[in-house]
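Listed below, chain by chain, are the residues.
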Amino acid sequence: MSDVKPVQPTGVPAVSGQLLGTALGAVLIMLLLAYLVAFDQGGLSQSGMYLHELMHDGRHLLGVPCH
Amino acid sequence: MPLTAAPNFISLLLRGLLAGLIAGLLAGAFAYTFGETHIDAAIAIEEAAAPPAEPGAVEEEPLVSREGQKAGLVLATTLYGIAMGGMLATAYMLLRRRLRTGSDSRAAFGLAGAALAGIVVIPFLKYPPNPPAVGDPDTIGQRTWSYLAVLVLGLVAVWAAVIAARTQTAEWRRAAAGAVAFLVVVAVAYLLLPDINEVPDTFPASLLWEFRVTSLGVQTVLWSVLGLAFGALVTPRGTPTRTAAATESAAA
C-alpha cells in the first residue's frame, strides 16, 4: 500500500452527518440547475418551451443531445 | 471572514459558485465567438431540408428569435457553469482530505481535471456533440439516457484509475495501473453502450468537424477556468504556494 501522510487541508470542515445532509441538498440543487439547462422541456421550468428554446444553442455547444 | 479561518461549507460553496459564474461567462464568450457561425450554418441546412410550407400557410413565429438564442447561449453556459462550480466545491469539500496533496489549489485542479476527463472527454469520444439538423427527434429519449450513462461511466473510469494507482508504490507502476484501469472501464463502457450515428449523408463533414471541435473547446474552457478560479479562491492568503508544493506527498 502507498504511504499515506496525514493531510491538513486549510478551510475544509470535517465531514459529519450533518455536513453530508447539507452537501446532498447542494448537489440536488446543482443537478436541478444543470437539468434546467441541459434537458428540461418545460416540465421543470413551467415556462412552456420558452427556456428550452432560449438555451437551444448552449445545449448544442455544451454537447448535450438535443432533438 | 478571512479566508485563512476555517470556513464552513457555505463559504466553500459560494467560492465554487463564483468560480462557476466566471467559467460559464468565459465559456459563453468562447461559444458565442467560435460556435454561433456553425450553428447558423447548420440551421440554414436544416431549413433548406424542411418541406416547403403549404401555399397560403401563415409562417409561425419562432418562440425565441435567433438573436434571443444567441444571448440565451451565454445564459445557458453561465447557469451550467454555476451548477458545475457548486458540484466541484461539494466534491472538493468531501474529498479534500483523501487527495494526497498538501496544496489546496492542486487538489482543486485535480478534481476539475478529473471532471473534464470523466464527463467531457469520455462522453465526447462515444457520443460526439451534434449541431442542429443532425439527430432524429424520435430517438432523443434513448440518446439522452445513453449520454447520461456515459457521463457516469466516465466518472467511474476516473475513480477506478485512482483506486488502481493507489495499490502500487513505484511511480511507473502507479501510472500504468491507473491507465490500465481507466482504459478497461472505458472500453467496457463503449462496448456496452449503443452506437449512435444519425448524421445525414448529405451533412457537410467539415461543418460537423468544426462544430464538434468548437463544442469540445467550450467545455475545455469551462472546466479549465473553473479549476483555475476555484483553485485560486481556495488558496489561503499569505501562504507561500511553493512551500505547499514542496511538502506535497510523493504519493499524491
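Residues numbered from 1 in each chain as written. Chains lettered and ligands numbered in written order. Predicted model: local features only at pLDDT ≥ 70, side-chain atom pairs only at ≥ 80, totals over all residues.

## Notes on the overall build of chain A
Rules: Each helix corresponds to a stretch of at least 4 residues labelled H or I by DSSP, and each strand to a stretch of at least 2 residues labelled E; elements are numbered beginning at the N terminus.
Looking only at helices and strands, chain A features 3 helices and 0 strands. Shown N-terminal to C-terminal, the secondary structure of chain A runs as helices and strands in the order α-α-α.

## Things to note about unusual backbone geometry
Just so we agree on the cut-off: Each residue is classed by its C-beta neighbour count within 10 Å, where at least 20 other C-beta atoms makes it buried, 12 or fewer makes it exposed, and intermediate counts make it partly exposed; the C-beta atoms are placed from backbone geometry.
The phi torsion at A:Gln46 lies on the positive side, around 55°, for a residue other than glycine. The exposed category is assigned to A:Gln46, around which 9 C-beta atoms lie within 10 Å.

## Structural notes on the interface of chain B and chain A
Just so we agree on the cut-off: A residue pair is marked as a contact if its C-beta atoms, positioned from the backbone, fall within 7 Å. Each residue is assigned to one class: nonpolar for Ala, Val, Leu, Ile, Met, Phe, Trp, Tyr, Cys and Pro, charged for Asp, Glu, Lys and Arg, and polar for all the others, Gly among them.
The interface of chain B with chain A comprises 57 residues on the first partner and 38 residues on the second. Of all elements in the fold, only helix H1 (9–49), helix H2 (66–95), helix H3 (104–126), helix H4 (140–165) and helix H6 (205–234) of chain B reach the threshold of two or more residues within the side of chain B that touches chain A. Among the elements that line the side of chain B that touches chain A, the one with the most residues is H2(B), at 17 residues. Among the residues making up the side of chain B that touches chain A, the classes are represented as 32 nonpolar, 17 polar and 8 charged.

## Quick notes on the UniProt feature "transmembrane region" (unreviewed entry) in chain A
Applied cut-off: UniProt positions are given in the numbering used here, feature names are shortened, and annotations may be inferred rather than shown by experiment.
Mapped onto this numbering, the UniProt entry gives "transmembrane region" (unreviewed entry) at residues 20–39 of chain A. Taken end to end, residues 20–39 of chain A is 95% helix and 0% strand, and its first and last C-alpha atoms sit 27 Å apart.

## Structural notes on the domain arrangement of chain B
Residues and elements named next belong to chain B. Put simply, the rule is: For the domains described, the bounds stem from an automatic or database domain assignment.
Here chain B is described as being made up of domain 1 (1–49 + 69–134 + 205–246) and domain 2 (137–198). Here the C-alpha centre of domain 2 lies 20 Å away from the C-alpha centre of domain 1. Contacts between the two partners involve 9 residues from domain 1 and, on the opposite side, 13 residues from domain 2. A per-class count over the side of domain 1 that touches domain 2 returns 7 nonpolar, 1 polar and 1 charged.

## Quick word on the packing of H4(B) against helix H5 (residues 171–192) of chain B
Geometry of a packed helix pair, given as the angle between the helix axes and the separation of the axes. Residue and element names in this part refer to chain B. Keep this limit in mind: Note on geometry: axes are lines fitted to C-alpha atoms, helical ones only across the stretch in contact, with angles between N-to-C directions running from 0 to 180 degrees. The cut-offs work like this: below 35 degrees is roughly parallel, past 145 is roughly antiparallel, 65 to 115 is roughly perpendicular, and the gaps in between are oblique. It is the rotation of the near helix from the far one that decides the hand of a crossing: anticlockwise by less than a right angle makes it left-handed, clockwise makes it right-handed.
Packing of H4 against H5 leaves a shortest axis separation of 7 Å and a crossing angle of 155°. Viewed along their axes, H4 and H5 adopt a mutual orientation that is roughly antiparallel. Taken as a pair, H4 and H5 cross one another with a handedness that is right-handed. Only Arg 174, Ala 177, Gly 178, Val 180, Ala 181, Phe 182, Val 185, Val 186 and Ala 189 of H5 make contact with H4, whose side of the interface consists of Val 150, Leu 153, Val 156, Ala 157, Val 158, Ala 160, Ala 161, Val 162, Ala 164 and Ala 165.

## Some details on the environment of B:Ala91
Along the chain, the position of B:Ala91 falls in helix H2. Measuring from C-alpha to C-alpha, the distance between B:Ala91 and B:Leu111 comes to 7.8 Å, with 20 residues separating the pair along the chain.

## Focus: the UniProt feature "transmembrane region" (unreviewed entry) in chain B
Sites flagged by UniProt as "transmembrane region" (unreviewed entry) map to residues 12–32, 71–95, 107–125, 145–163, 175–193 and 213–234 of chain B. Annotated as residues 145–163 of chain B, this span is 100% helix and 0% strand, and its ends, taken at the C-alpha atoms, are 27 Å apart.

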